[in-house]
Amino acid sequence: MSTGPAHAGEPIAATWYDGRSARGHAVQATVEGGTLWLHDEAGGRHGVALHQVLWPERTRHGQRVAQLAGGGSLAFADAGAFDAWWRAQGQRESWVVRAQQHWRATLLALAGLLLVGAAGYVWGVPWVAAGVVAVTPPEVESAIGDSALEQLRSGLFEPTKTPAEVQAQWRSRLDAALRQAYPEGPVAWQLHFAGGGRLGANAVALPGGHIVITDELLALLKGADDAVLGVLAHEHGHVRRRHGMHAVVRFGIVSAATSVALGDFSSVVAGVPALLAHLGYSRDAEREADADAARVLLAAGRDPAAMVQLFERLQGRGERERAQGREGGLPIAFASHPADEERIRFFREAGRSPR
């Protein structure tokens, strides 16, 4: 059949598959009133109501295949002829199909999708995560934190060599300082000591109130007890503000959205505690934890500027490790967020602020 102008009621060649067998039947298709009629070579005909026909979208390549009620289909080998015939029957494409045929509209839609996705990631994900964290039962957060701590102990940390009496002293000092800073009562927390192993001199906060400080950090800060207290208060800030859970939930939301797009949910919920080994706190979260550290130090009568000494010692240690090719660590660990001038200036100025 010609691909020239088509007219209403004009037949078009097609192959009809009745849905009961794989054998196709050569037919001539016409539209009369509200019915699509299929005329076969033997003189028989089969009628299908137009509202039971799912017409194909126009594409640049390939044949057109209309889906019929009951599982049948109608294939049109000449796509150009079908498009002309279909329009002659009074059919109209949706605006979506028309937009798909224009590269400018496609690029505009892609740009809009990227913009919406970026806005959702920057503002939407944190907003949703905050809501999810707010309704997360404490026992769920504790279970995640307990599991994460156990995994880190078995795969990263080593048994502590810090004497039990020293551990008790630091728990007592931190408890006293937190009670001074938060008269209403600090959030629940547990202080653990561990050998740093590959993590070295560091401190970590996990969901469920777990705070871990390594023997190496205590050794690095020997004689600088105020800096140690500041580190512990910083990690308590992460615990108090539930930054660990926020990080896990944000990761879960993005993973779930990706899984919807890819059709694979197998990795969304598996191994959630281990996600903490790959997540880092945001810059805003670090600022908040630094502010909490300064608050606790001031409430305990200590100078927040002591944290500058900590950063200086960590910087020296980091330079030595880089020289030895041993740099690495945990993104949520304290020393994995090197101090910049902003953080150093904050602690210096916090010590000069009116109390």
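Located above this text is the structure these notes cover.
Residues numbered from 1 in each chain as written. Predicted model: local features only at pLDDT ≥ 70, side-chain atom pairs only at ≥ 80, totals over all residues. Heavy atoms only, no water.

## Some details on the packing of aromatic side chains
In this description, a pair of aromatic rings is defined by centroid distance and the angle of the planes.
Moving on, step 1. Applying the stated criterion across every chain, the model contains seven aromatic pairs.
Moving on, step 2. Between Trp-55 and Phe-82, the ring centres sit 6.1 Å apart and the planes meet at 40°, which makes this aromatic pair tilted. Remark: Phe-82 occurs in helix H1 (residues 79-88) and Trp-55 occurs in the loop between strand S5 (53-54) and strand S6 (64-68); sequence separation between them is 27 residues.
Moving on, step 3. Look at Phe-82 and you get buried, because its relative accessible area is 2%.
Moving on, step 4. Geometrically, the ring pair formed by Phe-311 and Phe-347 is tilted, given 6.0 Å between the ring centres and 50° between the ring planes. Highlighted residues: Phe-311 in helix H10 (residues 306-323) and Phe-347 in helix H11 (residues 341-352), separated in sequence by 36 residues. (Phe/Tyr/Trp six-rings, centres within 6.5 Å; stacked < 30°, edge-to-face > 60°. Helix = DSSP H or I, 4+ residues; strand = E, 2+ residues; numbered from the N terminus. Buried < 20%, exposed > 50% of the residue type's maximum accessible area, 1.4 Å probe, protein only.)

## Some points on the pattern of salt bridges
For side chains bearing opposite charge, pairing can occur when the charged atoms are close.
Moving on, step 1. Counted under the stated rule, the structure contains 13 salt bridges.
Moving on, step 2. Here Arg-242 makes a salt bridge to Glu-141, at a shortest N to O gap of 2.7 Å. Of this pair, Arg-242 sits in the loop between helix H7 (225-240) and helix H8 (243-262) while Glu-141 sits in helix H4 (residues 138-155), and the two are 101 residues apart along the sequence.
Moving on, step 3. Residue Arg-242 is classed as partly exposed on the basis of its relative accessible area, which comes to 24%. (Salt bridge = Lys/Arg side-chain N within 4 Å of Asp/Glu carboxyl O.)

## Structural notes on the nonpolar core
Moving on, step 1. Within the largest apolar cluster, 41 residues are counted, with the highest numbers of intra-cluster contacts made by Ile-213, Leu-217 and Leu-310.
Moving on, step 2. Sort the elements by how many residues they give to this core and H7 lands first, with seven residues.
Moving on, step 3. Residue contacts for Leu-217: discarding those within four places in its chain leaves Ala-201, Asn-202, Ala-203, Val-231, Leu-310 and Leu-314. (Core = buried A, V, L, I, M, F, W, Y, C linked by side-chain atoms within 4.5 Å. Contact = heavy atoms within 4.5 Å.)

## Here's the deal with the side chain of Thr-162
Moving on, step 1. By secondary structure assignment, the location of Thr-162 is in the loop between H4 and helix H5 (164-181).
Moving on, step 2. Of the polar contacts made by the side chain of Thr-162, one reaches the side chain of Asp-215; its length is 2.6 Å.
Moving on, step 3. Ignoring sequence-local partners within four residues, the contact set of Thr-162 consists of Gln-167, Phe-193, Asp-215 and Leu-218. (Polar contact = N/O pair within 3.5 Å; in protein donor to acceptor, adjacent residues only side chain to side chain.)

## Focus on the sheet that holds strand S2 (residues 25-32)
Moving on, step 1. Ordered by their spatial adjacency, seven strands build an open sheet running S4-S3-S2-S1-S7-S6-S5, and the pairing between neighbours is antiparallel. Because the sheet does not close on itself, it has two edges, and the strands there are strand S4 (45-49) and S5.
Moving on, step 2. Sheet topology places strand S1 (residues 12-17) next to S2; five bridges connect them, and they run antiparallel. Residue pairing in the sheet places Thr-15 in a bridge with Ala-26 of S2. (Pairing = 2+ DSSP bridges.)

## As for H1
Moving on, step 1. Counting buried positions along H1 gives seven out of 10 residues, so the element sits mostly inside the fold.
Moving on, step 2. Listed in full, the buried residues belonging to H1 are Ala-79, Ala-81, Phe-82, Asp-83, Ala-84, Trp-85 and Trp-86.
Moving on, step 3. In this structure, the buried side of H1 is in contact with S1, S2, strand S3 (35-40), S6 and strand S7 (73-76).
Moving on, step 4. You can read the cap of H1 off the contacts: a side-chain oxygen lies 3.3 Å from the backbone nitrogen of Gly-80, and it is on Asp-78.
Moving on, step 5. A positive phi of about 90° marks Gly-90, the residue just after H1.

Function-wise, these values are silent; they only describe arrangement.
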